[in-house]
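If you want the building blocks of each chain, they are given just below.
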Amino acid sequence: MSAVLLDIANLNKSFESSSGTVHALHNVRLQVKEGEFVTVIGPSGCGKSTLLRIIAGLDVGHDGQVELSGRPITGPGIDKGVIFQEPRLFPWLTVEKNIAADLSLNKPEVRREVDELIELVRLQGFEKAYPRELSGGMAQRVAIARALLRNPRILLLDEPFGALDAFTRAHMQDVLLDIWQQNKTTMIFVTHDIDEAVFLANRIVILKPRPGEIRNIVTVDLPFPRKKASTSFQQFRVKVLSQFEKIEELELIDSSGI
Ligand code: ADP
């Protein structure tokens, strides 16, 4: 049994805005084990990004417990790699220099690790290319390699493939699963795509909005590699979809004031 890496308990987060208090997260409780792949899914505004930002240490004004390896998360750091929807590369640096960033490629161990990562994210031949010469999927693979070079305990991905076309997206899902299977990095992946959530995850955390709460956690015990057209995959898809129907019912009750 793997150890618990991320331990979240009684997490509450509110924002004050001109229109009043927004309860972005309410009593969130979640434990993620070392090496797990967890996807987080839910309608827009249910607190997915807020949850990820808190785990990343980018947002520290919250109530409750958020611990990584038994220590409270008090700010950002290289132990938590973060990938956003847009790759955020340095346009003036080549692929290999974007991956190395503040580390020197003249150091043999950095050179070796960068070369290994370039192979892992399937960018051989593009080491000297600039971001403007890359497709969206390639640029995102550079961002993932840059995060992995820092050996993060956990990789946090906020709709990383949301801006990509369907074919590139499917390819990126395969690349990410390869990385996960080879590196065993713990992953938390936010998406609003049910297929993507089922395809990648060991467990799917389903959030509901107003306030952002965990509606359910579904364990996906399908073996890898998964086939999206298979009956077992489609059954899981329906299982997750049915949770959203329940969320809609809850919302109808909320809005009718009952
Ligand atoms: P999601 O990622 O699921 O779309 P978010 O985490 O971005 O949801 O937002 C959750 C809720 O918190 C939304 O109602 C959003 O408007 C609100 N929110 C998020 N960030 C802020 C902020 N900086 N100031 C005020 N409200 C915010």
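Residues numbered from 1 in each chain as written. Predicted model: local features only at pLDDT ≥ 70, side-chain atom pairs only at ≥ 80, totals over all residues. Heavy atoms only, no water.

1. Comments concerning the overall build of the chain
Here comes step 1: Across its full length, the chain carries seven helices and ten strands.
Here comes step 2: Taken against the 2.2 N^0.38 rule, which gives 18 Å for 258 residues, the C-alpha radius of gyration of the chain at 19 Å falls within 12% of a compact globule.
Here comes step 3: Once the C-alpha set of the chain is aligned to its principal axes, its extents read approximately 65 × 45 × 40 Å.
Here comes step 4: Counting only contacts in the chain whose residues sit at least 6 apart along the sequence, the fraction spanning at least 24 positions is 70%.
Here comes step 5: Mean positive and mean negative side-chain charge positions of the chain (31 and 33 charges, respectively) differ by 2 Å. (Helix = DSSP H or I, 4+ residues; strand = E, 2+ residues; numbered from the N terminus. Rg over C-alpha atoms; globule rule 2.2 N^0.38 Å. Contact = heavy atoms within 4.5 Å. Lys, Arg positive; Asp, Glu negative; His and termini not counted. Charge placed at Lys NZ, Arg CZ, Asp CG, Glu CD.)

2. Looking at the domain arrangement of the chain
Here comes step 1: By domain assignment, the chain separates into domain 1 (37-60 + 153-258) and domain 2 (86-151).
Here comes step 2: Once you take the C-alpha centre of each, domain 1 and domain 2 turn out to be 27 Å apart.
Here comes step 3: Facing 16 residues of domain 1, the contacting portion of domain 2 comprises eleven residues.
Here comes step 4: Applying the counting rule to domain 1 against domain 2 returns one salt bridge.
Here comes step 5: Close ionic contact of D178 with R122 constitutes a salt bridge, the shortest N to O distance being 2.6 Å.
Here comes step 6: Applying the counting rule to domain 1 against domain 2 returns two residue pairs in polar contact (both at pLDDT 80 or more). (Domains from an automatic or database assignment. Salt bridge = Lys/Arg side-chain N within 4 Å of Asp/Glu carboxyl O. Polar contact = N/O pair within 3.5 Å; in protein donor to acceptor, adjacent residues only side chain to side chain.)

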